Amino acid sequence: MAIKRLGEHLKAFFNEEKKSLLSHYPGLTLHRLQSDIKLHAFLSGVDSEELFDFPYLPHRSNPLTIFFEKLRLGVPLEYITGYAYFYRSLFKVTPDVLIPRSETEILVELAVQEIQKNYRNKECRLVDIGTGSGIIALTLMMEDAAILDVVATDISEKALTLAKENFFNLRYAISAKHKISFQQSDRMQNIDGEFQIILSNPPYIKSRVDKDFVHHQVLSYEPAMALFLDDDVYDLWFEDFFISIHQKLTANGMSLIEGHESHLEGLSEIAKKVGFAKVEIIKDYTHRNRFLRLRK
Ligand SMILES: C[S@@+](CC[C@H](N)C(=O)[O-])C[C@H]1O[C@@H](n2cnc3c(N)ncnc32)[C@H](O)[C@@H]1O
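Residues numbered from 1 in each chain as written. Predicted model: local features only at pLDDT ≥ 70, side-chain atom pairs only at ≥ 80, totals over all residues. Heavy atoms only, no water.

## Things to note about the pattern of salt bridges
So, point 1. Applying the stated criterion across every chain yields a total of 17 salt bridges.
So, point 2. Put simply, Lys92 and Glu165 hold a salt bridge, and the shortest N to O gap is 2.7 Å. Of this pair, Lys92 sits in strand E4 (residues 89-92) while Glu165 sits in helix H7 (residues 157-169), and the two are 73 residues apart along the sequence.
So, point 3. For Lys92, a relative accessible area of 24% corresponds to the partly exposed category.
So, point 4. Measuring nitrogen to oxygen at the nearest pair gives 3.0 Å for the salt bridge that ties Arg295 to Glu114. (Salt bridge = Lys/Arg side-chain N within 4 Å of Asp/Glu carboxyl O. Helix = DSSP H or I, 4+ residues; strand = E, 2+ residues; numbered from the N terminus. Buried < 20%, exposed > 50% of the residue type's maximum accessible area, 1.4 Å probe, protein only.)

## Quick word on the packing of aromatic side chains
So, point 1. Enumeration according to the criterion identifies 12 aromatic pairs in this entry.
So, point 2. Considering the side-chain rings of Phe167 and Phe182, the 6.2 Å spacing of their centres and the 50 degrees angle between planes classify their relative orientation as tilted. Placement of Phe167 in helix H7 and of Phe182 in strand E7 (residues 179-184) is noted, with a sequence separation of 15 residues between them.
So, point 3. Pairing Trp237 with Phe241 gives two aromatic rings, centres 5.5 Å apart and planes at 65 degrees, and the pair type is edge-to-face. Residue Trp237 and its partner Phe241 are located together in helix H10 (residues 234-248), separated by four residues, close to a single helical turn. Neither Trp237 nor Phe241 differs from the other in exposure class; each is buried.
So, point 4. Taken together, the ring pairs connect Tyr234, Trp237, Phe238, Phe241 and Phe242 into an aromatic cluster.
So, point 5. For the cation-ring pair, Arg171 lies above Phe168, with the distance from its terminal atom to the ring centre recorded as 3.8 Å. (Phe/Tyr/Trp six-rings, centres within 6.5 Å; stacked < 30°, edge-to-face > 60°. Lys NZ or Arg CZ within 6 Å of the ring centre and 35° of its normal.)

## Some thoughts on the domain arrangement of the protein chain
So, point 1. By the assigned domains, the protein chain splits into domain 1 (4-81) and domain 2 (98-295).
So, point 2. In this complex, domain 1 contributes 10 residues to the contact, which on the side of domain 2 involves eight residues.
So, point 3. Both faces combined, the contact of domain 1 with domain 2 buries some 720 Å², and carbon together with sulfur accounts for 57% of it.
So, point 4. It is His24, Pro76 and Tyr79 in domain 1 that bury the most area against domain 2; as a group they hold 56% of the surface buried on that side.
So, point 5. At the surface where domain 1 touches domain 2, the tally comes to zero salt bridges.
So, point 6. Applying the counting criterion to the domain 1 and domain 2 interface returns five residue pairs in polar contact (both at pLDDT 80 or more).
So, point 7. Sorting the residues of the side of domain 1 that touches domain 2 by element identifies helix H1 (6-24) and helix H4 (77-81) as the ones contributing at least two each.
So, point 8. Classifying every residue of the side of domain 1 that touches domain 2 by side-chain character gives six nonpolar, three polar and one charged. (Domains from an automatic or database assignment. Contact = heavy atoms within 4.5 Å. Buried area = accessible area lost by both parts, 1.4 Å probe. Polar contact = N/O pair within 3.5 Å; in protein donor to acceptor, adjacent residues only side chain to side chain. Nonpolar A, V, L, I, M, F, W, Y, C, P; charged D, E, K, R; others polar.)

## Some details on the site of the ligand
So, point 1. Residues in close proximity to the ligand total 19 residues, the closest being Gly130, Asp154, Asp186, Arg187 and Asn201.
So, point 2. One of the backbone N or O atoms of Arg187 is found 2.7 Å from a nitrogen atom in the ligand.
So, point 3. About the coverage of the ligand: the protein hides 95% of its 590 Å² of free accessible area.
So, point 4. The set of elements that each furnish at least two residues to the shell around the ligand consists of helix H6 (135-143) and helix H9 (224-227).
So, point 5. Of the residues that constitute the shell around the ligand, the class distribution is nine nonpolar, seven polar and three charged. (Near = heavy atom within 4 Å. Areas by Shrake-Rupley, 256 points an atom, 1.4 Å probe, with all protein chains shown as cover.)

## Brief notes about the sheet that holds strand E5 (residues 123-129)
So, point 1. Overall, mixed pairing links the seven strands, which are arranged E7-E6-E5-E8-E11-E13-E12 in an open sheet. Two strands close off the open sheet at either side, each with one partner strand: E7 and strand E12 (278-283). Pairwise comparison of adjacent strand axes, ignoring direction, gives a mean angle of 15 degrees for this sheet.
So, point 2. In terms of strand pairing, E12 meets strand E13 (residues 289-295) through six bridges, oriented antiparallel. Paired with Lys283 across the two strands is Asn289, which belongs to E13.
So, point 3. Most of the contacts of H6 go to strand E6 (residues 147-154), to which it runs at about 170 degrees, and overall it touches E5, E6, E7 and strand E8 (195-200).
So, point 4. Along the sheet, H10 contacts E5, E8, strand E11 (249-258) and E13; its crossing angle with E11, the most-contacted strand, is approximately 145 degrees. (Pairing = 2+ DSSP bridges. Axes fitted to C-alpha atoms, helices over the stretch in contact; angles between N-to-C directions.)

Dropping the structure here:
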């Protein structure tokens, strides 16, 4: 068997598997695959400019053979490399947490604007409910717009372990003036005190009516707990959530909640019902309803 260079093998692999790869990874390019392999190699301790000139030996235990096998199966690239970019940083991700989505960067931008406007160089207490890998809480600490006292919560212990690991990995990018604590909790249960900012990207897909519209790769690999709520309890789940947000938000506070384009109108009515005086629906960059901004 003629031994190929990694670059040649990758090109041949991409061309042969293109149809199936694109069904798993819409928009995937050879360039993106090359970047992810470079990242994967770098994070595994192989840092070489000539990576793609090295001979590729496709034996079973070669980490790249495992990489190609996972690609054939359609495992999300972020779970293969173990990392995902969000905002300006690289976060560790595992199948225990949702892969960060670009829409959530808008939630962070909106929160940064609010913090800069009202709390610049002042103290601000903030909670990130359903923190997952910790992207929202940790990015806001890195943005450094105020002196933040952050509580990051999740119902999943494994997610919290990963969020703590990301905090550890990014500790040099986070000023020591900020504080963070991690707490396992169902929404805001047993979370003490009031907050000026309450943020959440909660599970918001209805497990029956929305499921057919979810990409098969998401269904197969991402944690259901991060994505779905039972249709029958959906409104009640959010009503209880909004009641606790209302109780724990300071009088001048603001809450931002990411949600499903088809259900945000309904959720905005629930937010009004529980007593929020100002309820706005904010769209994402594709002009779909994506966030609720709540004020008392
Ligand atoms: C859509 S993911 C968001 C993760 C992360 N914040 C992000 O934006 O990528 C929802 C997160 O909420 C957590 N979660 C699900 N049900 C919860 C509940 N009842 N209380 C708190 N967190 C919950 C999940 O474990 C998951 O980490």
